[in-house]
Every structure is written in structure tokens, then in C-alpha cells.
Amino acid sequence: DTGVSQDPRHKITKRGQNVTFRCDPISEHNRLYWYRQTLGQGPEFLTYFQNEAQLEKSRLLSDRFSAERPKGSFSTLEIQRTEQGDSAMYLCASSLEGAYNEQFFGPGTRLTVL
Amino acid sequence: TQLLEQSPQFLSIQEGENLTVYCNSSSVFSSLQWYRQEPGEGPVLLVTVVTGGEVKKLKRLTFQFGDARKDSSLHITAAQPGDTGLYLCAGAGAGGTSYGKLTFGQGTILTVHP
């Protein structure tokens, strides 16, 4: 059984470029979450999906950020016109609805914006 | 806004010592989870507590959920160098406020010296 996978693991980009990250959840999980974590802090919630529906978005998610989960399986997180402040670890997690919200995390994508 | 205050922020101890990490909030949570995270990796779920007063044991780790479901503690007995890492508590919302996202504490960085 595979856990949550994320791709790429590391991304270095120049300011102003667009980047896209992919997350593949645990296969039977219907909920998928995106978090952002900066050095020395706990993860901060960005958004989550139940199946293909995006149910909640944080105010942290500016207009430059968009997330999709078109078929209720994998998800993508796109950041347009990246800024240096976007440098962080982007974490994806998945869970089963109702299972005490136990979320299982992927290894993360480390984004560095130069 | 639901906030989780974690203490201490840093803990440096010798192998064999005991330690306790605290997670406190003014909000009631429907469930609370503890994670351990290694550098460059995603958080790994250790335990979920859901009932006020609940105590769970995982080998040398003991987790307790407060009676009012506002606080939790993690106690490690006879710490080993392999326990070194970032420990995070995370609560799922109560009172009808966002059962989806987790709210994380800022984490406790534990270093166990041989």
C-alpha cells in the first residue's frame, strides 16, 4: 500500500514564474488537503477537497494560488507569478471522511523562489 | 480563530531522561492528533485522541487529552536519540467550525543527546 505521494520533491524557480505541484492521495481517501509550512512553524491550512469539490479555502490562498482535483483522485496546486514569500514546504494530506479527521501527509514539495 | 499553543518550543535532553510536551487552547476540539516530523519530510501521524480524559500509549510515548478537550500532552519515557525530531499537535474544529482542516501548534523541536 502506498501512502500519499507528491511531485516534485524540490522546485527552484525564479520570481515571476508559474509552478505546479501534484499530489496523489491514499487511494481510498476521499478528502485531500493542502498545507504550507515555513521554517520553524507548524503547517498552515490552505484548502481542502472532498472528492472533486473544493470545500474550504484559507485567506492565505491569494488569487495567485489555485488548486484542482478534477476527478476526485489526484490534485494539483498551481502558483502563478511566484514571489520570494512563496518559498516554503507545500504539504499534501489525505483522509477518509468521518475517520476523526486523521490526516496522512505526503513528503512535501520544497519550493525555493529566487 | 482556533489557536494551539505548544510548549516548550525547544527541548534538549540526555538519553534516558523523561520529558513532557504540552498543547493548549481556549477552544474545544473534536479530535486532536500528534505528529512527528523529520527535516525535509512530511509529518507522520503518531496518535489521535477524541474523548475527554483519554490516555493512549505508544511504546514509550503516552498521550493524554484533557477532560474539556482543550489541551493535550505528550510524555516520553526514557528518551532515545531516535526520538529526536519536531513534534506537532493538531486539532480538528469543534462547534460546527471547519471539521476539515487541522490547526497546528508551532511545534516542539526535541533533541536527545546520546
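Please read these numbers as outputs of a predicted model, since none were measured by experiment. (Residues numbered from 1 in each chain as written. Chains lettered and ligands numbered in written order. Predicted model: local features only at pLDDT ≥ 70, side-chain atom pairs only at ≥ 80, totals over all residues. Heavy atoms only, no water.)

Engineer: I'm lost on the sheet that holds strand β6 (residues 55–58) of chain B in this one. Help?
Structural biologist: Hydrogen bonding along the main chain pairs the strands of a sheet, whether they run parallel or antiparallel. Residues and elements named next belong to chain B. Taken in spatial order, the 5 strands line up as β1-β3-β8-β7-β6 in an open sheet, and their pairing is antiparallel. Among the strands making up the open sheet, the edge pair consists of β1 (5–7) and β6. Along the sheet, successive strands turn relative to each other by an average axial angle of 15°, direction set aside. Relative to strand β7 (residues 61–65), β6 runs antiparallel, the two sharing 4 bridges. Opposite K57, over in β7, you have T62 as the bridge partner. (Pairing = 2+ DSSP bridges. Helix = DSSP H or I, 4+ residues; strand = E, 2+ residues; numbered from the N terminus. Axes fitted to C-alpha atoms, helices over the stretch in contact; angles between N-to-C directions.)

Engineer: Before we go on, may I ask you to explain the sheet that holds strand β1 (residues 5–7) of chain A in this structure?
Structural biologist: Residue and element names in this part refer to chain A. Read from one edge of the open sheet, 4 strands run β1-β3-β8-β7, paired in antiparallel fashion. The open sheet is flanked by β1 and β7 (65–68), the only strands paired with a single partner. Taken pair by pair, the neighbouring strands of this sheet meet at an average axis angle of 15°, ignoring direction.

Engineer: When you look at the state of the cysteines in this model, what are you seeing that I'm missing?
Structural biologist: Among covalent bonds in proteins, the disulfide is the one between the sulfur atoms of two cysteines. Taken as a whole and judged by the stated rule, the model has 2 disulfides over all chains. One disulfide in the model links A:C23 with A:C92; its S-S distance is 1.8 Å. Measuring handedness by torsion sign, the sulfur bridge of A:C23 and A:C92 sits at about -70° and is left-handed. Separated by 69 residues along the polypeptide, A:C23 in strand β3 (residues 19–24) and A:C92 in strand β9 (residues 88–95) bring together distant segments of the chain. With relative accessibility at 0%, the residue A:C23 sits in the buried group. In this model B:C23 forms its disulfide with B:C89; the gap between the sulfur atoms is 2.0 Å. Around the S-S axis, the bridge from B:C23 to B:C89 shows a dihedral of about 80° and counts as right-handed. Here B:C89 lies in strand β9 (residues 85–92) and B:C23 lies in strand β3 (residues 19–24), a separation of 66 residues in the sequence. By relative accessible area, which is 0% here, B:C89 ends up buried. (Disulfide = S-S within 2.5 Å. Buried < 20%, exposed > 50% of the residue type's maximum accessible area, 1.4 Å probe, protein only.)

Engineer: Just to check I follow, could you spell out the packing of aromatic side chains for this structure?
Structural biologist: How two aromatic rings sit relative to each other is set out by the distance from centre to centre and by the angle between their planes. For the structure on display, the rule yields 12 aromatic pairs over all chains. Centre to centre, the rings of A:F105 and B:Y35 are 5.4 Å apart; their planes meet at 90°, and the pair counts as edge-to-face. With A:F105 in strand β10 (residues 104–105) and B:Y35 in strand β4 (residues 31–37), the pair connects residues from two separate chains. Comparing A:F105 with B:Y35 shows no difference in burial state: the two are buried. By the ring-pair criterion, three or more aromatic residues cluster together here, those being A:Y33, A:Y35, A:F45, A:Y48, A:F105, B:Y35 and B:F104. A:R22 extends its terminal NZ or CZ atom over the ring of A:F74, reaching a point 3.9 Å from the ring centre. (Phe/Tyr/Trp six-rings, centres within 6.5 Å; stacked < 30°, edge-to-face > 60°. Lys NZ or Arg CZ within 6 Å of the ring centre and 35° of its normal.)

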